[in-house]
Amino acid sequence: MPQIGGEMAQFQIAGSNFTFQGARLTRLGATEYTLVTIAVDVTGSTSGFAKELRDMLIAAVESCKKSPRSDNLLVRAILFSTSFGRNGVSELHGFKLLSDIDPQVDYQAFSPQGNTPLFDAVYSAVGAMVEYGGELTKNDYLANGIVFVVTDGDDNRSLATPGMIRTKIKQAAQGEKLESLVTVLVGINAMLYQRELDAFCQDAGLTHYIDMGEVTPGKLAKLGGFISRSVSSQSQAIGTGGPSKNIAATI
Amino acid sequence: MLFAVDSYFHIGQAHLNAGKPCQDYALADIHEDMAFALVSDGCSTGGQTDVGARILALSTAKAIREHWSVAHEVEGDAVPLHIAWRQKDRIAGLHSMLGLRKQDMLATCLYQYITPGGGFIHIQGDGVVAVKYQSGLISMCRYDWADNKPFYPAYTEDHFMGFIQDHGGDVRAERLTKECWQYYAEDGFIHLSTQKISLGEGMGRVTIRIYPGELEVTHPEYIAVFSDGITQIDGLDWKDAVVQALAFKTPEGEFAKRRMIRLIKDAQRNGKGPIDDIACAVVRIISSHEEGVV
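Residues numbered from 1 in each chain as written. Chains lettered and ligands numbered in written order. Predicted model: local features only at pLDDT ≥ 70, side-chain atom pairs only at ≥ 80, totals over all residues. Heavy atoms only, no water.

Asker: So what's going on with the overall build of chain B? Which residues, and what values?
Answerer: When its secondary structure is counted, chain B shows nine helices and 12 strands. For 294 residues, the compact-globule estimate of 2.2 N^0.38 gives 19 Å, and the C-alpha radius of gyration of chain B, at 18 Å, lies within 12% of that figure. Evaluated residue by residue, chain B yields a buried proportion of 54% over its 294 residues. Of all intrachain contacts in chain B linking residues separated by at least 6 positions in sequence, the fraction that spans at least 24 positions is 70%. Total accessible area on chain B stands at roughly 12300 Å², and carbon and sulfur atoms take up 52% of it. Within chain B, one finds 28 positive and 39 negative side-chain charges whose respective centroids are separated by 4 Å. (Helix = DSSP H or I, 4+ residues; strand = E, 2+ residues; numbered from the N terminus. Rg over C-alpha atoms; globule rule 2.2 N^0.38 Å. Buried < 20%, exposed > 50% of the residue type's maximum accessible area, 1.4 Å probe, protein only. Contact = heavy atoms within 4.5 Å. Areas by Shrake-Rupley, 256 points an atom, 1.4 Å probe, with all protein chains shown as cover. Lys, Arg positive; Asp, Glu negative; His and termini not counted. Charge placed at Lys NZ, Arg CZ, Asp CG, Glu CD.)

What follows is the structure, encoded as C-alpha cells:
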C-alpha cells in the first residue's frame, strides 16, 4: 500500500526490500501512461565520463519533454553503485510527470565510486515499473513501460538475481500489470564484458542488449536521442496490445 | 461548490462491422461556474447522423453557455424551452449551410445543466440518466420509446407532425416508458417505478429538476447521462452496466473515459462488447468539504 504524503507516494516492490516513489494518482488526469525508467551506472570506472553520462540523461529527459506524448509519460531516474548501500540504488526521482522534472536541477553532478550492483539496478527498475504499473492498471489507467539500464561493467555485488528479474518481467504480462514492457541494457566501454552481459540479457529475459563500444561524447549524445525516440515509439504503441515494433536493437 | 466534467463515446460492434461511423457523440464542459454534459445519438437508419449528432451536441452546448452567461439562473420551465428554441435555430441554419438533409439531423440529445443553485436534466429522445450519491447509492432511470422510434429535436422542423403520425396520431397515447431503479451494494437492485408517458409530454417536456439547495442536501457525487448504447452491451444487463460505468477509481482528469474504456474492454473480453454506439457524459459535484482540500 502506498504511504501518502505530498505529490509523491512511497511504494515497495512486492517480495523485496526495494522501495521507490511514484506520483500520487490524484496527479494523473490522462487515460494512459508510458512508464520510463533510466538507470545509470555511477560506479568508480565511469568517473572518466561522469559529466557526459549526466549530460546524456539531461538530454534524454529534455527531449522527452518535447514529445507530443509528453503528457502521457512518467519518468523515473536512478543511479546505481555499491556506494549507495544495501540495495545499491539511489533514486534521483520516482515516477514523475515530465512537467514536474527540471533536469538541470534534479540531476546534480555524479560522484562515481564503488562497484556494480547491476542485477539490483535492473531488478529495481523492472520491479518498480511492474508494481507502479499494476497500481495504475488497478485504477483503470492503461500503462506500458520501457526501461533503459546503462552500464560499463558486469555485476559484482547484487542481492537480486537474473531469475528474480525474469520473474518480475513475466508478472508484467501474466498479472496484466502492464500492457507491454521493453527492457534495454546498454553497455558502454563494456566490450570486455560483452559475453557476460549478453548472457545476463538472456537469463533475465531482457528485450535487447546493445553494446555501444567505447565511450565518446558523441556516442552518449546519440544514446540520449535513442532513449527519447524509443520512449516515443513505446508511448505510441499503447493501446495496441503489444510493445512498439519500432525500437531498434542498435543505436 | 465546484464541478468537474468528462465525457466519452465509442463505436459499437454493429457499426464497426458495417463500416459505418460512430453516430454517438458526447460533450462536457465547465463554463464560468456552471457545468454541462450531454450525449447525442444519431439515428442509425437516418442519413449522415454522425454529423447531425455532432451539430446537435455543439449547438446545444453553445445554447447552454450563452444562456448561462446572460441569465445566470436555471429555474422555471422556460429554460429547457429556450434551449430547444436555440437548438432549432442553429440546426436549421447549419444543416442548410452544409447541404445536409433532414434525415442527417435525426439525433437524440440528453443533457444536464448544473449550477451551484440547482439545474436540470433534459431528455430529448431515449437513454439513461443516473445519479451516484456520496453514500454509494445509485438512482437510474431508463427512457425508451415504443417501436424504437425516439423523439428527435429535428422534428420541430415540421412541428412534430411526422413524428406524431409515426406514433399513431394521438398525442395522448403513452409511447414513452420511464423505468427507474435504485442500487446499493448491500441491497442490490430495487425497482422503484415504471411510468408511461404520453406522446405530447415526451416531445420536449421530459425534465428532471434539481431544485436550489438540493445538491447540498442530497449530496450527489456524480450525475451521468448515457445514450441507449449503455442498454446494449452484449452479456451485460443495462443496470449492471450503469453501476460499472459509475465505479470511478479516481476522480481526476479523464475519469469517465478511463472507466468506460475499461468497462468496454472487460465487456469485449466476456462477449462482443457494445453492440450499439455508446456515449456518456458526467458531471462530478465537488462538495464544499473537498473544495477546502482542493
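Asker: Describe in detail the overall build of chain A, supporting the description with residues and values.
Answerer: The number of helices and strands found in chain A is six helices and nine strands. Against the globule reference of 18 Å for 251 residues, chain A gives a C-alpha radius of gyration of 16 Å, in line with a compact fold. Taking all 251 residues of chain A together, 57% fall into the buried category. If you take every contact in chain A between residues at least 6 apart in sequence, the share linking residues at least 24 apart comes to 77%. Accessible surface, chain A as shown: approximately 10000 Å² in total, 47% of it carbon and sulfur. For chain A, the centre of its 21 positive side-chain charges and the centre of its 25 negative side-chain charges are spaced 2 Å apart.

Asker: Provide a residue-level description of the packing of aromatic side chains, including the pertinent values.
Answerer: Counted by the stated rule, this structure contains 23 aromatic pairs over all chains. Taken together, a centroid distance of 6.0 Å and an interplanar angle of 90° make the contact between Phe20 of chain A and Phe95 of chain A edge-to-face. Separated by 75 residues along the polypeptide, Phe20 of chain A in strand S3 (residues 19-23) and Phe95 of chain A in strand S6 (residues 89-97) bring together distant segments of the chain. Look at Phe20 of chain A and you get buried, because its relative accessible area is 1%. A ring pair is formed by Phe148 of chain A and Phe226 of chain A, whose centres lie 6.2 Å apart and whose planes are at 80°; its orientation type is edge-to-face. Of this pair, Phe148 of chain A sits in strand S7 (residues 142-151) while Phe226 of chain A is found in helix H6 (residues 217-236), placing the two residues 78 residues apart along the sequence. Overall, the relative accessible area of 3% leaves Phe226 of chain A in the buried class. Among the aromatic residues, ring-to-ring pairing joins Trp145, Phe151, Tyr152, Tyr155, Phe160 and Phe163 of chain B into one connected group. (Phe/Tyr/Trp six-rings, centres within 6.5 Å; stacked < 30°, edge-to-face > 60°.)

Asker: Lay out the sheet that holds strand S10 (residues 206-210) of chain B in plain terms, naming residues and giving numbers.
Answerer: Residue and element names in this part refer to chain B. Read across the sheet, five strands follow the order S2-S3-S4-S5-S10 without closing on themselves; strand pairing throughout is antiparallel. Each end of this open sheet is capped by a strand with a single partner; those strands are strand S2 (24-31) and S10. The mean angle between the axes of side-by-side strands here comes to 10°, regardless of whether they run parallel or antiparallel. Bridge count between S2 and strand S3 (residues 34-42): eight bridges; the pairing is antiparallel. Along S3, the bridge assignment pairs Ala28 with Ala37. This element, helix H2 (residues 49-71), spans S2, S3 and strand S4 (107-115) of the sheet and lies at about 160° to S3. (Pairing = 2+ DSSP bridges. Axes fitted to C-alpha atoms, helices over the stretch in contact; angles between N-to-C directions.)

Asker: Could you give an account of the packing of H2 of chain B against helix H3 (residues 78-97) of chain B, with specific residues and numbers?
Answerer: Residue and element names in this part refer to chain B. Relative to each other, H2 and H3 sit at 130°, their axes nearing to 9 Å. The pairing of H2 with H3 is recorded here as oblique in orientation. Once H2 is placed against H3, the crossing between them reads as right-handed. The residues of H3 that touch H2, namely those facing Ile55, Leu56, Ser59, Thr60, Lys62, Ala63, Ile64, Glu66 and His67, are Val79, His82, Ile83, Arg86, Gln87, Arg90, Ile91 and Leu94. The residue makeup of the contact of H2 with H3, split by class, is eight nonpolar, five polar and four charged. (Parallel < 35°, antiparallel > 145°, perpendicular 65-115°, else oblique. Left-handed = near helix turned anticlockwise from the far one by under 90°. Nonpolar A, V, L, I, M, F, W, Y, C, P; charged D, E, K, R; others polar.)

Asker: Describe the state of the cysteines, naming the residues involved and giving the relevant values.
Answerer: Residue and element names in this part refer to chain B. Applying the stated criterion across every chain yields a total of one disulfide over all chains. Here Cys109 is not disulfide-linked; the sulfur of Cys280 is the nearest cysteine sulfur, at 15 Å. The class for Cys109 is buried, based on a relative accessible area of 0%. (Disulfide = S-S within 2.5 Å.)

Asker: Could you give me a rundown of the sheet that holds strand S12 (residues 278-286) of chain B, with the residues and numbers involved?
Answerer: Residues and elements named next belong to chain B. Strand order in the open sheet formed by seven strands is S1-S12-S11-S6-S7-S8-S9, with antiparallel pairing between adjacent strands. The open sheet has two free edges, formed respectively by strand S1 (2-10) and strand S9 (188-198), since each of these has just one partner strand. Averaged over neighbouring strand pairs, the angle between their axes works out to 15° when direction is ignored. By the bridge criterion, six bridges tie strand S6 (residues 127-133) to strand S11 (residues 220-226) in an arrangement that is antiparallel. Pairing of Val131 across the sheet is with Ile223, part of S11. Packing of helix H8 (residues 255-270) onto the sheet brings it into contact with S1, S11 and S12, and relative to S1 it is tilted by some 35°.

Asker: Tell me what's going on with the pairing of S2 of chain B, and back it up with residues and numbers.
Answerer: Burial within S2 of chain B is extensive, with six of its eight residues counted as buried. Taking the residues between adjacent antiparallel strands as the criterion, S2 of chain B and S3 of chain B are bridged by two residues, where Glu32 of chain B takes a positive phi near 55°.

Asker: So, the nonpolar core: which residues are in play, and what are the values?
Answerer: Residues and elements named next belong to chain B. Counting 63 residues, the largest nonpolar core has Tyr111 and Tyr113 as its most contacted members. In terms of residues, this core owes the most to one element, H2, which gives eight residues. Residues contacting Tyr113, with those up to four places away along its chain left out, are Met34, Ala35, Ile64, His67, Trp68, Val74, Val79, Ile83, Gly118, Gly119 and Phe120. (Core = buried A, V, L, I, M, F, W, Y, C linked by side-chain atoms within 4.5 Å.)

Asker: Outline the interface of chain B and chain A, listing residues and values.
Answerer: Contacts between the two partners involve 13 residues from chain B, matched on the other side by 13 residues from chain A. Across the chain B to chain A interface the summed buried area is about 1000 Å²; carbon plus sulfur atoms make up 47%. Applying the counting rule to chain B against chain A returns four salt bridges. In this structure, the salt-bridge partner of Asp140 of chain A is Arg262 of chain B, at a minimum N-O distance of 3.7 Å. Counting across the interface, chain B meets chain A through nine residue pairs in polar contact (both at pLDDT 80 or more). Its residues assigned to classes, the side of chain B that touches chain A shows two nonpolar, two polar and nine charged. (Buried area = accessible area lost by both parts, 1.4 Å probe. Salt bridge = Lys/Arg side-chain N within 4 Å of Asp/Glu carboxyl O. Polar contact = N/O pair within 3.5 Å; in protein donor to acceptor, adjacent residues only side chain to side chain.)

Asker: Mind laying out the layout of surface pockets, listing which residues take part and the relevant values?
Answerer: All names here are of chain B. By volume, the largest pocket amounts to about 390 Å³. For the lining of the largest pocket, the secondary-structure elements that each account for two or more residues are helix H1 (13-18) and S3. The residue makeup of the lining of the largest pocket, split by class, is six nonpolar, eight polar and six charged. (1 Å grid on protein atoms, 1.4 Å probe; cavity = no way out; pocket = protein on both sides within 12 Å on 5 of 7 lines; lining within 4 Å. Points joined across faces, edges and corners; volume = space filled by probe spheres on them.)

Asker: A description of the side chain of Asp140 of chain A should follow, citing residues and the corresponding values.
Answerer: Structurally, Asp140 of chain A is set in the loop between helix H3 (118-138) and S7. Asp140 of chain A sits in the buried class, given a relative accessible area of 5%. A polar atom in the side chain of Asp140 of chain A sits 2.5 Å from the side chain of Arg259 of chain B. Residues in contact with Asp140 of chain A, not counting those within four places in the same chain, are Thr31 of chain A together with Ala247, Lys249, Arg258, Arg259 and Arg262 of chain B.

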